[in-house]
Amino acid sequence: MPDILPEAPMSIDSGELVRWYAHAQRDLPWRRPGVSAWQILVSEFMLQQTPVARVEPIWLAWIDRWPTPSATAAAGSAEVLRAWGKLGYPRRAKRLHECAVVISAEHGDVVPSDVETLLTLPGIGAYTARAVACFAYGARVPVVDTNVRRVVARAVHGRADSAASVRDLDDVAALLPADATAPTFSAALMELGATVCTARAPRCGLCPLSRCQWRSSGYPAGTVVRRVQRYAGTDRQVRGKLLDVLRDNSSPVTRAQLDVAWLTDPAQRDRALDSLLVDGLVEQTADGRFALAGEGD
DNA sequence: TTCCCGTGCC
DNA sequence: GGCACCGGAA
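- The name an unreviewed UniProt entry assigns to chain A is Adenine DNA glycosylase, from the organism Mycolicibacterium wolinskyi.
- Under the UniProt heading Sequence similarities (unreviewed entry), the entry covering chain A gives this text: "Belongs to the Nth/MutY family."

Next comes the structure, spelled out in structure tokens:
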């Protein structure tokens, strides 16, 4: 048997990764003991495409105010949208509220523990379902976010980056340790991607992995072309401006009050407002004014 | 594939 | 100004 098989995929030593995580992990509030499955679920919603630093204060205030699904469901959707503040992608707040309604009404106020059931809930996709099953219930399931995908692409496959693929789940499942440390391994994989094996300027000098195919291959450049997500001047920015006005007013506002939020392009403003109505984030009252969805409930 | 927020860093 | 940030859904 030869010493080196260049075609064989390199593995990740779960022991050294977990040992590194034990002392290098960030002290994030949703990782502390006593945090409920629902509160972990809330953190995962907020962390979708949003940096930890911006989530932390919102999450702390949120779980203090609405610690359970039923408490969240009992709050009006308008108050939930308001508490979401400027975290971004406010459809997540609406889905989180819907999620709370379903869990309190159909699951006895208990967050489901199996991936299949979690996937049926609003706003929960392939990543979040497994993150909740893993981090809240200790399930041995692959948790694949953009960080994990990048770490595995580098350490295992020797590529700088990787486009999302349906094979990612099996790919990462094969790396999971067989014992009960699987959730810690997944958390460590994500932490490594977030703090060391970063996308732009990886800090390889701090990497705990003794083996890395990307390093062995001389750090080849990436090939995945990422489309630029612009923000300034887009409908997304206009929607944000309109929601800003509605968050600040607990009673319905007139069309004129919304119009001043974006004077640059009236057609774009109308399109943005219409999309907010379609998304169910904004409602129109009988007299033609506008408010956050559920403001009157 | 595209759209959906908002901010901070390089 | 590009770019990344612990994705989901149509």
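## Re the UniProt feature "domain: HhH-GPD" (unreviewed entry) in chain A
Right, so step 1: UniProt marks residues 46-195 with the feature "domain: HhH-GPD" (unreviewed entry), using the numbering shown here.
Right, so step 2: With 61% helix and 0% strand, residues 46-195 has end C-alpha atoms that lie 19 Å from one another.

## Description of the protein's contact with DNA strand B
Right, so step 1: Near DNA strand B there are 16 residues, and of these P90, R227, Q229, R236 and R239 occur at the shortest range.
Right, so step 2: At 2.5 Å from a base nitrogen of DNA strand B is found a side-chain nitrogen or oxygen belonging to Y89.
Right, so step 3: Side-chain polar atom of Y231 to a phosphate oxygen of DNA strand B: 3.1 Å apart, as the coordinates give it.
Right, so step 4: Residue contributions to the surface near DNA strand B peak at five residues, all from helix 13 (residues 235-247).

## Things to note about the protein's contact with DNA strand C
Right, so step 1: Taken together, 27 residues surround DNA strand C, and among them G123, G125, Y127, T128 and M190 come closest.
Right, so step 2: The sugar-phosphate share of atoms of DNA strand C within 4 Å of the protein amounts to 70%.
Right, so step 3: The separation between a phosphate oxygen of DNA strand C and a polar main-chain atom of V52 is 3.3 Å.
Right, so step 4: Taking R230, its side chain carries an N or O atom lying 3.2 Å from a phosphate oxygen of DNA strand C.

## What to know about the pattern of salt bridges
Right, so step 1: Summed over all chains, the structure comprises 18 salt bridges.
Right, so step 2: Where E79 meets R82, a salt bridge forms, and the shortest distance between an N and an O atom there is 2.6 Å. Of this pair, E79 and R82 both sit in helix 5 (residues 77-84), three residues apart, roughly one helical turn.
Right, so step 3: For E79, a relative accessible area of 28% translates into the label partly exposed.
Right, so step 4: Looking at R82, the relative accessible area reads 18%, which means it is buried.
Right, so step 5: Linking D259 and R255 is a salt bridge whose minimum nitrogen-to-oxygen distance equals 3.3 Å. Taken together, the residues span about one helical turn, with D259 and R255 both in helix 14 (residues 255-259) at a distance of four residues.

The rules behind the values
Residues numbered from 1 in each chain as written. Chains lettered and ligands numbered in written order. Predicted model: local features only at pLDDT ≥ 70, side-chain atom pairs only at ≥ 80, totals over all residues. Heavy atoms only, no water. UniProt positions renumbered as here; feature names shortened; annotations may be inferred. Helix = DSSP H or I, 4+ residues; strand = E, 2+ residues; numbered from the N terminus. Near = heavy atom within 4 Å. Polar contact = N/O pair within 3.5 Å; in protein donor to acceptor, adjacent residues only side chain to side chain. Salt bridge = Lys/Arg side-chain N within 4 Å of Asp/Glu carboxyl O. Buried < 20%, exposed > 50% of the residue type's maximum accessible area, 1.4 Å probe, protein only.

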